[in-house]
Amino acid sequence: MTENASAAEPLAADSAIAVVGMSGRFPGAPDLDAYWENLLGGLCSVTDFTEEELIADGADPQEVRGRDYVPAKGHLADADRFDAELFGFNRTEAAALDPQHRLLLQTAWSALENAGRSPLGGTARTGVYVGGGPTEHMLAAQTDPRLAASIGALQVRILTDREFLAPWISYRLGLEGPSLTVQTACSTSLTAVHLAVQSLLLGECDTALAGGVAVDTVRKRGYVHQQGGIYAPDGRCRPFDERAGGTVPGNGVGVVVLRRLSDALADNDPVRAVIRGSAVTNDGATKVGFTAPGVDQQTAAIVEAWAAAGLDPADAQYLEAHGTATALGDRIEAAAATAAFKGALGTGRIGIGSVKSNIGHLDAAAGVAALIKSVLMLEHATLVPNADAGRPHPELGFDDSPFHLIERPAAWPEPEHGPRRSGVSSVGIGGTNVHVVLEEAPRRTVAGAPDAEGAPELLLLSARTREDLSALAGRLAGALRAPGAPSLTDTAYTLRLGRTPMAVRGYVRAGDRAGAAELLDALASGGAVGLGGPDPLGEAWLAGEPVVREDDGRRVALPSYPFAGESHGAYRFGPVVQAAEQPEQGGGIDLEQGVRALLAEALGLADADDPEMTYFAAGGDSLTAVHLVGCLRDDFDLDVPITLFLEQLTLHEMARRIVATGEGEDSLDALLSEFEAE
């Protein structure tokens, strides 16, 4: 029970869901700290592009110069960068992998780290519920015959289609709970949260990742405004505002980590907020058109969610609305919310806002962006405004409603009865309405309490490269100096149990946060990887040994891995893939060299001349093997058994064996027969 909960409203830990971790990237915000600062400042992070920027990034000059073209978008910077090697993708696969998959994999990793859990730590009963939107990359890649010829049509689909967003996370992170890709248009990611909540309550998993991603293109793009359409004529989204003229498209990604509250409290997880209830409805045919929203079922979603929480909607102090700033959408949402929150009718005491004013409409990621905003508001006990907020639109009837539009940052007063609570709504084209009831986290011992007197703590760090280790050390130093920083004991505990050990390692031994931060700065600047005095466990860590200590601590939110992958680009319509020419047989051309070139192309290598490189070390897998068997037969008239690719062979030896056994069985037909038999 929270300290400020009334006796009549106990917190039912066995039916509530804890948000224990979060991660996201949004326009103008590479992480959630920047996101919060932007929200607090009422900042609009929609980018206005110049004509030169747009044309240089491939936009059609004629369209850009058109009268109705609006050069604005909630742009996500560096959306084409990806730490491919960390996730086991070779260069060819990474280039083909849709940017939405890349971003969602990294965000899921960071969210688990934010929850104090190792992303590769064997969290077996972890479910994944995510969704995304259609992308330029996916459409271009799946219709390019040269890419299909290079890596195989099935591989192209698996690497680009949004139906594989959830399975890739489960596969690369080793998560064995339910894995569902969700699609309900604009309400996708909040629907994913609802499904994750239900899965946890049913006992289908013990931890769940939920969220969504929307990156229609990584390039700088605006949009064409159409009279009577949904997009704003001026590139600004002003929900519920008298100046509202429509929405603005945006890109982003967000993931939350959920657990049953009882489990989270028992395991000392960093509970950031609590989901008390959620509900999903659909408008059916009770609206004017397929794309139009409906009042009745939006109201029903809100009422059912608060009933599931055992609460009255009037118990809310804030509503994070869908808020598209369209004339029809805002009017219907205001009417539906007014009907649902009728217990507070005429009081104007419930604040209302929409994050779309800050970052634009993130399509499939819109709901999780709104949810994360609301969790941050509860954590900071602060109400943040719509960006550039003005007066409410008079047609919405706010003067005689439960709501007032948040116009400036303000402290969120502690309610007279019960904890702070908010609702989050999301509405999808096609009629799927979602509402989630949020409550502030139960109060516990402050994480930033002074370090207790005692033995120095050992902070263990690791990364894939020395540069990443330095970046991680610098981030951690900043976190330990920040107000409300976690104790050194909890920091050491979380680093030891909540991070995946990697090859490049370092450690810091210190007795307090200030000393630890100073040593971490030295490590970040390229100093020795073991600082603060010799430590046997630290030296064992540097030697690559696992470090196990039987001590107590609490998982706390610490800086996540500093992904610094290179740009892998994105496909678009036009000449994007140069198919490698296969050497002709005969005429003195070396067949073995031709096979090596095929292996290099399929594995994304500059060449296959490294005598020590093995097929698996280069990123080869069974699906690539199936593709190679077909290419060897079609391009070289060589029939090779699929089992050859399952052996630990260098690429040199593999090429030799392929040529030597090329007259063997028709291995592709044999493999397909084996699959059919199973």
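Residues numbered from 1 in each chain as written. Predicted model: local features only at pLDDT ≥ 70, side-chain atom pairs only at ≥ 80, totals over all residues. Heavy atoms only, no water.

1. Overview of the side chain of Glu439
- Within the element layout of this structure, Glu439 appears in strand 17 (residues 432-440).
- Of the residues examined, Glu439 reaches a relative accessible area of 1% and is grouped as buried.
- Here the side chain of Glu439 touches Arg276 through a polar contact of 2.8 Å, side chain to side chain. (Helix = DSSP H or I, 4+ residues; strand = E, 2+ residues; numbered from the N terminus. Buried < 20%, exposed > 50% of the residue type's maximum accessible area, 1.4 Å probe, protein only. Polar contact = N/O pair within 3.5 Å; in protein donor to acceptor, adjacent residues only side chain to side chain.)

2. A short note on the packing of helix 5 (residues 99-114) against helix 9 (residues 165-173)
- Look at helix 5 against helix 9: their axes get within 10 Å of each other, and the N-to-C directions meet at 50°. By the angle class used here, helix 5 and helix 9 are oblique. Two packed elements cross with a definite hand, and for helix 5 against helix 9 that hand is right-handed. Contact residues: helix 5 offers Gln100, His101, Leu104, Leu105, Ala108, Trp109 and Leu112, while helix 9 offers Leu165, Trp168, Ile169, Arg172 and Leu173.
- Here the residues of the contact of helix 5 with helix 9 are counted per class, giving nine nonpolar, two polar and one charged. (Axes fitted to C-alpha atoms, helices over the stretch in contact; angles between N-to-C directions. Parallel < 35°, antiparallel > 145°, perpendicular 65-115°, else oblique. Left-handed = near helix turned anticlockwise from the far one by under 90°. Contact = heavy atoms within 4.5 Å. Nonpolar A, V, L, I, M, F, W, Y, C, P; charged D, E, K, R; others polar.)

3. Considerations on the environment of Gly88
- Within the secondary structure layout, Gly88 lies in the loop between strand 4 (72-73) and helix 4 (91-96).
- As a C-alpha pair, Gly88 and Gly619 span 531 residues in sequence and 6.5 Å in three-dimensional space.
- Setting aside residues up to four positions removed in sequence, Gly88 forms contacts with Glu93 and Arg172.

4. Details of the pattern of salt bridges
- Overall, the coordinates contain 38 salt bridges when judged by the stated rule.
- Between Arg243 and Asp241 there is a salt bridge; the shortest N-O distance is 3.1 Å.
- Given the relative accessible area of 37%, Arg243 is considered partly exposed.
- Accessibility expressed as a relative area gives 2% for Asp241, which makes it buried.
- Residue Arg272 pairs with Glu379 through a salt bridge whose shortest N-O separation is 2.8 Å. Taken together, the residues Arg272 in the loop between helix 11 (261-266) and strand 10 (273-282) and Glu379 in helix 15 (residues 366-380) connect sequence positions 107 residues apart.
- The buried category is assigned to Arg272, whose relative accessible area is 14%.
- Salt bridges linked by common partners bring Arg117, Arg259, Asp267, Asp269 and Arg555 together as one network. (Salt bridge = Lys/Arg side-chain N within 4 Å of Asp/Glu carboxyl O.)

5. Details of the packing of helix 10 (residues 188-201) against helix 15
- Running from N to C, helix 10 and helix 15 cross one another at 65°; their axes reach a closest spacing of 4 Å. One finds that helix 10 runs roughly perpendicular with respect to helix 15. Taken together, the residues of helix 15 that come into contact with helix 10 (itself represented by Ser189, Leu190 and Val193) are Ala366, Gly367, Val368 and Leu371.
- Of the residues belonging to the contact of helix 10 with helix 15, the class tally is five nonpolar, two polar and no charged.

6. Some thoughts on the sheet that holds strand 16 (residues 421-427)
- Here we have eleven strands laid out as an open sheet, ordered 6-5-7-9-1-10-17-16-11-12-14, and mixed in their pairing. Each edge of the sheet is formed by a strand with only one pairing partner; in this case those strands are strand 6 (179-181) and strand 14 (403-405). Averaged over all pairs of adjacent strands, the angle between strand axes in this sheet comes to 25°, irrespective of strand direction.
- In the sheet, strand 5 (residues 126-132) pairs with strand 6 via three bridges, with the strands oriented parallel. Counterpart to Val128 in the pairing with strand 6 is Ser179. (Pairing = 2+ DSSP bridges.)

7. Side note on the packing of aromatic side chains
- Across all of its chains, the model carries 16 aromatic pairs by this definition.
- Summarising the aromatic geometry, the rings of Phe82 and Phe87 are spaced 5.6 Å apart at their centres and angled 15° between planes, so their arrangement reads as stacked.
- Relative to Tyr231, the ring of Tyr223 has its centre 5.0 Å away and its plane inclined at 40°; by these criteria the two rings are tilted.
- By relative accessible area, Tyr223 is classed as buried at 6%.
- Residue placement shows Arg172 over the ring face of Phe89; its charged tip is 4.2 Å from the ring centre. (Phe/Tyr/Trp six-rings, centres within 6.5 Å; stacked < 30°, edge-to-face > 60°. Lys NZ or Arg CZ within 6 Å of the ring centre and 35° of its normal.)

8. Considering the side chain of Asp98
- Among the secondary structure elements, Asp98 is positioned in the loop between helix 4 and helix 5.
- Nearest to the buried, unbridged Asp98 among oppositely charged side chains is Arg102, at 7.1 Å.
- Sequence-distant contacts of Asp98, defined by excluding residues within four places in its chain, comprise Thr135, His137, Met138, Leu159 and Thr160. (Lys, Arg positive; Asp, Glu negative; His and termini not counted.)

9. Some details on the confidence of the model for the chain
- Confidence in the prediction for the chain averages 88 pLDDT; 91% of positions are at 70 or higher.
- Confidence over residues 1-9 falls short of pLDDT 50; this stretch has 21 contacts with residues more than four positions distant or in other chains.
- Counting contacts from residues 663-668, a segment whose pLDDT is below 50, to residues more than four positions away or on other chains yields 16 contacts. (pLDDT = per-residue confidence, 0-100.)

10. Quick look at the pairing of strand 17
- The buried fraction of strand 17 amounts to nine of the nine residues, a majority that puts the element mostly inside the structure.
- Of the two faces of strand 17, the one holding Thr432, Val434, Val436, Leu438 and Glu440 and the one holding Asn433, His435, Val437 and Glu439 are both buried throughout.
- Sheet topology note: the strand 10/strand 17 ladder contains nine bridges and is antiparallel. The residue of strand 17 that forms the bridge with Gly277 is Val437.
- In this sheet, strand 17 lies alongside strand 16 in antiparallel orientation, the contact comprising seven bridges. Residue Ser426 lies in a different strand from strand 17, and its bridge partner there is Val434.
- The antiparallel pairing of strand 16 with strand 17 creates a hairpin that spans four residues between the two strands, and Gly430 there sits at a positive phi of about 105°.

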